[in-house]
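# Chains, contacts and geometry: an overview
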Amino acid sequence: MDYLCAMNAEIDKIEEAILPLRKQLTTHKMYGQLSTLDDIRAFMSQHVYAVWDFMSLLKALQRDLTCVNVPWLPAADPNIARFINEIVLGEESDLGENGEPMSHYEMYLEAMEQVNADTSEIRNFLNSIVENGVDQAINNIEEKAVQDFVRFTFDIINSKKPHLIASAFTFGREDLIPDMFIEIIKKSEKENQVSYNKLTYYLNRHIELDGDEHGPLSLKMIAALCGSDQTKWEECRETAKQALSMRIKLWDSIANKISMS
């Protein structure tokens, strides 16, 4: 019981440290600028990088906390391994609206295409990764805030410290406020007499998956990775703050793009 209380106290310290950043994020001016389909297009063209690099954080955790090598060996913590594998299943191999397996990134890309958002930059980025490697591909991203955001993610991944990756994964994700998106989509569908069902489906899946036990389990993952090591807890706290700061800078960039469109 004393151990659990100590772990909960450390989690509380992180939550307290990032509370101002969370408030800054959830009350960001960008949300007030989202009112038309054009605004959503501008948002998606930059946010898609965050959808993509979330998968890289997840796969780094799968690499570090499960066994992806041959010969296979048991994971150090079967509960964490199951948690990670369940998220991988849901994010990398979910079912699309027609029952076909696809990743959430692919769902997002289809939704972008359906609302006529530009997908050329993110497609060129992934092609560049294949041809030139991720570092060079990141350097070629046009929007500096997007470039900095993705570079931060890979700096954390390349640290090879699972507790830092878990912190960015757990605390660095934003609330999309999907209800707002869905209302804009419904209004646009009525005005344009078309269906944007793919974006609605993606948003609903986002709500469903984030509404289950993933949140509490991710906190248990961090507790297991940090244990009683105060240095690791402090590093997690700093990483959580940095991840949210990078998210805010990305939101700033999107807000500027919307205001200029």
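Looking now at the nonpolar core. With 83 residues, the main nonpolar core has Met30, Phe43, Met44, Ile84, Phe125, Val150 and Met221 as its most contacted residues. Here this core takes 17 residues from helix α3 (residues 37-65), the largest share from any one element. Every residue in contact with Val150, bar those within four places of it in the chain, is listed here: Tyr49, Trp52, Asp53, Phe125, Ile138 and Ile141.

Applying the stated criterion to the full structure yields 11 salt bridges. Between Glu92 and Lys59 there is a salt bridge whose closest N-O contact spans 3.0 Å. With Glu92 in helix α4 (residues 78-92) and Lys59 in helix α3, the pair connects residues that are 33 residues apart, well separated along the chain. One salt bridge connects Glu235 with Lys161, and the closest N-O pair in it is separated by 3.5 Å. Note that Glu235 is positioned in helix α13 (residues 230-260) and Lys161 in the loop between α8 (144-158) and α9 (162-171), a separation of 74 residues in sequence. The exposure class of Glu235 is partly exposed, given its relative accessible area of 25%.

Between two packed helices, the angle of one axis relative to the other and the distance separating the axes together describe the packing. As a packed pair, α3 and α13 sit with axes 9 Å apart at the nearest point and diverge in direction by 150°. By the angle class used here, α3 and α13 are roughly antiparallel. Considering how the two elements wind past one another, α3 and α13 form a crossing that is right-handed. Contacts between α3 and α13 involve Asp39, Ala42, Phe43, Ser45, Gln46, His47 and Ala50 from the former and Arg247, Leu250, Trp251, Ser253, Ile254, Lys257 and Ile258 from the latter.

What counts as what
Residues numbered from 1 in each chain as written. Predicted model: local features only at pLDDT ≥ 70, side-chain atom pairs only at ≥ 80, totals over all residues. Heavy atoms only, no water. Core = buried A, V, L, I, M, F, W, Y, C linked by side-chain atoms within 4.5 Å. Buried < 20%, exposed > 50% of the residue type's maximum accessible area, 1.4 Å probe, protein only. Helix = DSSP H or I, 4+ residues; strand = E, 2+ residues; numbered from the N terminus. Contact = heavy atoms within 4.5 Å. Salt bridge = Lys/Arg side-chain N within 4 Å of Asp/Glu carboxyl O. Axes fitted to C-alpha atoms, helices over the stretch in contact; angles between N-to-C directions. Parallel < 35°, antiparallel > 145°, perpendicular 65-115°, else oblique. Left-handed = near helix turned anticlockwise from the far one by under 90°.

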